[in-house]
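One-letter residues, chain by chain:
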Amino acid sequence: MSVPSIVILGGTFDPVHFGHLRAAEEIRETLDMDEFRFLPCGQPPHRDAPHASASQRLEMLRLALADWPDFTVDDREVLRQGPSYMVDTLSDFRTEYPDAALVLVIGQDAANSLDHWHRWRALPGLAHLVIMSRHGDTARYPKAVEDVLLAGKADRPRSLADSPAGRVLNVAIDSLPVSASAIRALISSGRSARFLVPDPVLRYIQQQGLYG
Ligand code: ATP
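Residues numbered from 1 in each chain as written. Predicted model: local features only at pLDDT ≥ 70, side-chain atom pairs only at ≥ 80, totals over all residues. Heavy atoms only, no water.

A. Inspection of the layout of surface pockets at higher detail. Quantified by volume, the second largest pocket comes out at close to 320 Å³. Lining of the second largest pocket is provided by 17 residues; of these, L21, A64, L65, W68 and F71 occupy positions nearest its centre. In terms of residue count, the dominant contributor to the lining of the second largest pocket is helix α1 (residues 18–31) (six residues). Per-class residue counts for the lining of the second largest pocket are 12 nonpolar, no polar and five charged. (1 Å grid on protein atoms, 1.4 Å probe; cavity = no way out; pocket = protein on both sides within 12 Å on 5 of 7 lines; lining within 4 Å. Points joined across faces, edges and corners; volume = space filled by probe spheres on them. Helix = DSSP H or I, 4+ residues; strand = E, 2+ residues; numbered from the N terminus. Nonpolar A, V, L, I, M, F, W, Y, C, P; charged D, E, K, R; others polar.)

Next comes the structure, spelled out in C-alpha cells:
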C-alpha cells in the first residue's frame, strides 16, 4: 500500500496573493503529490509581527482556496501558542503521519539563510526540502548549509514520493511580480489592490479594514 505524500508551503500570507497561488500551482504540478497544504505561521520568529491577525490570515487563505479542493489550509501553527518554529511543526506532522513523504517548500532566500532557523540541521530528517527559486534568485549558502543540502540532492521530483524525508530538490518557477508587502503598501496609500489577490480576499480586506 502506498503511503501518503504531503506538500507544505509555509508563509505569512499577509495577505495571500496570486504570486503565492501561482507558485503553489507550479510546485503542485511538478511534484504531483497527494496533498498540498498552505501553512500560515502563527508568530513568525524571523520577522516583524504580521499586520493581520492569525485568524484573519487563515480566513483569507480559506477564501482564496475555497474553490480548489486540491489545496488545503493547515491551521496547526496559528492554533499553537508561542513562536512558530518549523522544526516543531514538522515534528508534529511526523507524529501525525509517521510514514508519509513530507515535502517542505521554501523560497531561495529562506534556503540561503537556513542556518538561522531554529534547529535547522534536524529539518532534512523530518521532511524533504524543495527550494523554489524565482528568476533572479541566486543560491548563496553558508558552507554548513551547502553541505547538508548537497548530501540530500535529488534530481527527479518523483524520487521524493519514494521516501519519507531527506531529499533536496531545486525547482525553478516562473513567478509573478507580486508581494504581500507591496499589496499592503498600495492599500495603505489608498490605491487599488484589485487583480493582485482573489476577489473574495479583496472583499474581506475591505470589510475588515485591513492594511489601511
Ligand atoms: P512579504 O512581502 O510580506 O515579505 P511575501 O508574499 O513575500 O510577503 P510570504 O507570505 O511569507 O511572503 O510568502 C510565502 C512563500 O511564498 C515564500 O516561500 C515566498 O518566497 C513565496 N512567495 C511570495 N511571493 C511570491 C511570488 N510572487 N512568487 C512566488 N513565490 C512567492
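B. Examining helix α4 (residues 86–96) more closely. By the burial criterion, the buried members of α4 are M86, V87, T89, L90, F93 and R94. Projected down its long axis, α4 carries its buried residues within an arc of 160°, all on one side. Tucked inside the fold, the buried residues of α4 contact β1 (5–11), β2 (35–40), α3 (76–79), β4 (101–107) and α6 (123–126). (Buried < 20%, exposed > 50% of the residue type's maximum accessible area, 1.4 Å probe, protein only. Arc of directions from axis to C-beta. Contact = heavy atoms within 4.5 Å.)

C. Focus on the sheet that holds β2. Strand order in this open sheet of six strands is β3-β2-β1-β4-β5-β6, and the pairing throughout is parallel. One side of each edge strand has no neighbouring strand; the edge strands of this open sheet are β3 (71–73) and β6 (168–172). Recorded for the sheet is a direction-independent mean angle of 25° between the axes of neighbouring strands. Where β1 and β2 come together, six bridges link them in parallel fashion. Opposite G10, over in β2, you have L39 as the bridge partner. (Pairing = 2+ DSSP bridges. Axes fitted to C-alpha atoms, helices over the stretch in contact; angles between N-to-C directions.)

D. Main features of the pairing of β6. For strand β5 (residues 128–133) and β6, the ladder comprises five bridges, and the chain directions are parallel. Across the sheet, the residue bridging to I131 is N170, located in β6. Since β5 and β6 lie parallel, the crossover through helix α7 (residues 143–151) that links them has a hand, and here it is right-handed. (Right-handed = clockwise from strand over helix to strand, strands pointing away.)

E. Quick look at the nonpolar core. If you look at the biggest cluster of nonpolar residues, it comprises 38 residues, and the most contacted ones within it are I27, L31, F38, M60 and V130. When residues in this core are grouped by element, the largest group, five residues, is from α1. Leave out the neighbours within four places in its chain, and I27 touches V7, F36, V105, V130, M132, V171 and I173. Listed in part, the 24 residues of the second largest apolar core include L39, M86, L90 and V145. (Core = buried A, V, L, I, M, F, W, Y, C linked by side-chain atoms within 4.5 Å.)

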